[in-house]
Amino acid sequence: MHKPTRIAVLTAASCVLAGAAFYGTGAASAGPASSDTTAEPHNIGQLVKEIDSYYGTTLGSDGVYQASPSSQYAQDLARIEAGAKKRIAEAAREHHKGGKPAVVFDIDDTLLLSLDYEKKTNYTYNDATWKEYVAKADRPAVFGTPDLVAYAQAEGVEVFYNSGLGESQRAAAVANLRKTGIDVNLDAAHMFLKDKANPPAYLSDCATPSAWKCTTVQYKSGTRKHIESLGYDIVGNFGDQYSDLQGGFADRTYKFPNPTYFVE
C-alpha cells in the first residue's frame, strides 16, 4: 500500500496552537476566505463523527469495529455494484471490441474493509502496524463484493486484482480473500502486487530492482496496460481511491466510497 495521507485527531491544545500559527491576527471563518478572514478547515472531531455516521460504525462484542449493513456506506456500495453488474452482463454479451472482457479490482477497502484499523490507529498510518494488521488476514469483505466477483466469473468475465500490497503480503491477502468468500483467480497470473525487489518489465519506465519510482497511478495503469496486452478488454476497473482508477486502460471506472484516507 502506498503511504497515504490520513486524517489525525488532534488534542485541544494542539488545535489552539495551530490556530494561532495559521490564522495569526486574522479571524478564522468556517466559510470562504475574504479580505480579512481565512477559510477554516473542516473540524477533525466533527469529521470523525461524520465518518462514523456514514459507516454506521459499531464496536462488536469481539472488540472489532464494524460497518453497518444498513448504513449509507452500504447503500452507496449497493447502488454502484448494481450498476456494475449490468455493465458486466452487457460486456459478456458483446465481447467488447473483440477482446476477452475482464474486470480489475483493487483490494484494500475495495474488497477488504480496514475500518477497524483506521479506528484503532486514529486514522494515522504506520507502516509496521499496517503490515501486522494485513498479516492477520482477518478483515471483513466490503459489502457486496464477494457476490460481485462471483457474478463476473459466472458471466464469463475474467477477474484480475491490482493492489498496492507488497509481494511479501501475497499469502495473507489470498487467505483473507478466501475467508470472505472471494476465491476467484487468486493465482499470481491474476493477482498483481508490488514487487519492488523484482519489478516486472512492463514497469521499467519507473521501476528497477535498485529503485522503485512508480507513483500509484503509474503502477496501477501500467499493470492494466499489461493485462490488456494479454488480449483482455478491461470493461470495469474498481477502486476506493482515484489513483486506483486514473491513467486509462479501462472502459469504465467504479469509485467505491472511502472517506478515511487518501492515496496519491
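Residue positions are counted from 1 within each chain, in the order its sequence is given. Residue-level local features of this predicted model are given only where pLDDT is at least 70; pairs of side-chain atoms are given and counted only at 80 or more, and the full residue set underlies all totals for whole chains, interfaces and linings. Heavy atoms throughout the structure, all of them, feed into the side-chain values; hydrogens and water do not.

1. Section: the packing of aromatic side chains
The following threshold applies: Any Phe, Tyr or Trp ring, taking Trp's six-membered ring, that has another such ring centre within 6.5 Å forms a pair; planes under 30 degrees apart are called stacked, those over 60 apart edge-to-face, and the others tilted. A run of H or I in DSSP becomes a helix once it reaches four residues, and a run of E becomes a strand once it reaches two; helices and strands are each numbered from the N terminus. With a 1.4 Å probe rolled over the protein chains alone, any residue whose accessible area is under 20% of its type maximum counts as buried; one over 50% counts as exposed, and the rest are partly exposed.
Within the structure shown, the criterion is met by 13 aromatic pairs. Their ring planes at 55° and their centres at 6.2 Å tell us that Y73 and F143 sit as a pair that is tilted. Here F143 lies in the loop between helix 5 (127-135) and helix 6 (145-154) and Y73 lies in helix 3 (residues 72-94), a separation of 70 residues in the sequence. On the accessibility criterion, Y73 (1% relative accessible area) is buried. Under the relative-accessibility criterion, F143 is labelled partly exposed at 25%. One aromatic cluster in this structure is built from Y54, Y55, Y73 and F143.

2. Remarks on the confidence of the model for the protein chain
Using the following cut-off: Every residue carries a pLDDT, the predictor's confidence in it, which falls somewhere between 0 and 100. Between two residues, a contact is recorded if the distance between any of their heavy atoms is within 4.5 Å.
When pLDDT is averaged along the protein chain, the result is 89; 85% of the residues meet or exceed 70. In the model, residues 7-26 has pLDDT below 50 throughout and makes 23 contacts with residues more than four positions away in sequence or in other chains.

3. As for the side chain of R224
Cut-off, in case you're wondering: Residues scored as charged are limited to Lys and Arg (positive) and Asp and Glu (negative), so that His and the chain ends carry no count. Salt bridges, as used here, are contacts in which a Lys or Arg side-chain nitrogen is within 4 Å of a carboxyl oxygen on Asp or Glu. Under the rule applied, a polar contact is a pair of N or O atoms within 3.5 Å (in protein, one hydrogen donor and one hydrogen acceptor; residues adjacent in sequence only if both atoms are side-chain atoms).
Its place among the elements puts R224 in helix 8 (residues 216-229). Among buried charged residues, R224 stands out as having no salt bridge; its nearest opposite-charge side chain is D244, 7.1 Å away. Among the polar contacts made by the side chain of R224, one reaches the main-chain carbonyl oxygen of D244 at a distance of 3.0 Å. With near-sequence residues (within four places) excluded, R224 lies in contact with N162, I234, N237, D244, L245, Q246, G247, G248, F249 and A250.

4. A closer look at the state of the cysteines
Selection rule: Criterion for a disulfide: a pair of cysteine sulfur atoms within 2.5 Å.
Scanning all chains against the criterion turns up 1 disulfide. Paired through a disulfide, C206 and C214 show a sulfur-sulfur distance of 1.9 Å. Because the sign of the S-S torsion sets the handedness, a value of about 80° for the bond joining C206 and C214 places this disulfide among the right-handed ones. Among the residues examined, C206 registers a relative accessible area of 10% and is labelled buried. For C214, a relative accessible area of 6% corresponds to the buried category.

5. Digging into helix 3
Here is the rule we go by: A helix is expected to span 1.5 Å multiplied by its residue count minus one.
End to end, helix 3 covers 33 Å across 23 residues, agreeing with the expected 33 Å (1.5 Å per residue, within 8%). Within helix 3 the residues assigned to the buried category are Y73, A74, D76, L77, I80, E81, A84, R87, I88, A89, A91 and A92. Of the surrounding secondary structure, the elements contacted by the buried residues of helix 3 are helix 2 (44-55), strand 6 (100-105), helix 6, strand 11 (232-239) and strand 12 (253-255).

6. Here's the deal with helix 2
Since the α-helix advances by 3.6 residues per turn, residues separated by three or four positions end up pointing in the same direction. This is how it is decided: To be clear, the arc concerns the directions from the helix axis to the C-beta atoms.
Between its first and last C-alpha, helix 2 extends 17 Å over 12 residues, near the 16 Å set by a 1.5 Å rise per residue. Of all the residues in helix 2, the buried ones are V48, I51, Y54 and Y55. Projection of helix 2 onto a plane perpendicular to its axis shows the buried side chains occupying an angular sector of 125°, all on one side. Exposed side of helix 2, more than 90 degrees from the buried face: K49 and S53 are the residues found there. The inward-facing, buried residues of helix 2 abut helix 3 and helix 4 (115-120).

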